[in-house]
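Understanding the architecture of this molecule
Okay, here's what each chain looks like letter by letter:
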Amino acid sequence: MSKKTKKIVIALAVLLVLVLAAVGIYHACAPEATEGDKTIAVAVIHGDETRADFSINTEAETLRGALEQENLVQGEESEYGLFIKTVDGETADDSQQQWWCITKGGEMLETGADSTMIADGESYELTLKTGW
């Protein structure tokens, strides 16, 4: 085996190890729904800044399933899933550019309620925001 071939083989082996490590880290850190009974906390921050806290015991795999189980949200179906319009009886007013923001631990989610997988012990917030 030539010196150049050995370098290529070593480089490929190192690359393979790095890829496997990245895949392992991704799978270890990726959010996954847990099957069966779980309890999540949901805080609703209304337009007047009052807060309502809910503890939801559910077998749902997604946030939408848990919220709908408790009749906590209503909305409209869209191509992306449920567009939440009403939470805990308060409806967002489009004329005031109001919308419901979903956060987890204070961080805005990049997924909607339909595709947010839940696990036991997690906490979510639904906050009425004004302005696009």
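A short tour of the structure in this document, coming up.

Conventions adopted
Residues numbered from 1 in each chain as written. Predicted model: local features only at pLDDT ≥ 70, side-chain atom pairs only at ≥ 80, totals over all residues. Heavy atoms only, no water. 1 Å grid on protein atoms, 1.4 Å probe; cavity = no way out; pocket = protein on both sides within 12 Å on 5 of 7 lines; lining within 4 Å. Points joined across faces, edges and corners; volume = space filled by probe spheres on them. Nonpolar A, V, L, I, M, F, W, Y, C, P; charged D, E, K, R; others polar. Salt bridge = Lys/Arg side-chain N within 4 Å of Asp/Glu carboxyl O. Helix = DSSP H or I, 4+ residues; strand = E, 2+ residues; numbered from the N terminus. Buried < 20%, exposed > 50% of the residue type's maximum accessible area, 1.4 Å probe, protein only. Core = buried A, V, L, I, M, F, W, Y, C linked by side-chain atoms within 4.5 Å. Contact = heavy atoms within 4.5 Å.

Here the focus is the layout of surface pockets. By volume, the largest pocket amounts to about 390 Å³. Together, 17 residues line the largest pocket, and L82, W100, I102, T111 and G112 are the ones closest to its centre. In terms of residue class, the lining of the largest pocket is built from 11 nonpolar, 4 polar and 2 charged.

This part covers the pattern of salt bridges. Here the structure, examined in full by the defined rule, presents 6 salt bridges. Measuring nitrogen to oxygen at the nearest pair gives 3.0 Å for the salt bridge that ties R64 to E68. Of this pair, R64 and E68 both sit in helix α2 (residues 63-69), 4 residues apart, roughly one helical turn. Under the relative-accessibility criterion, E68 is labelled partly exposed at 33%. Here K104 and E122 are joined by a salt bridge, their closest N and O atoms 2.8 Å apart. Of this pair, K104 sits in strand β6 (residues 98-104) while E122 sits in the loop between β7 (107-108) and β8 (123-130), and the two are 18 residues apart along the sequence. On the accessibility criterion, K104 (32% relative accessible area) is partly exposed.

Turning our eyes to something else, we now look at the nonpolar core. Counting residues in each nonpolar core, the largest one holds 22 residues, and the members touching the most others are I40, V42, L67, I84, W100 and L126. Those elements giving two or more residues to this core turn out to be β1 (38-45), β2 (51-58), α2, β4 (81-87), β6 and β8. In contact with I40, not counting residues within four places along its chain, are F54, S55, I56, L63, A66, I118, A119, E122 and Y124.

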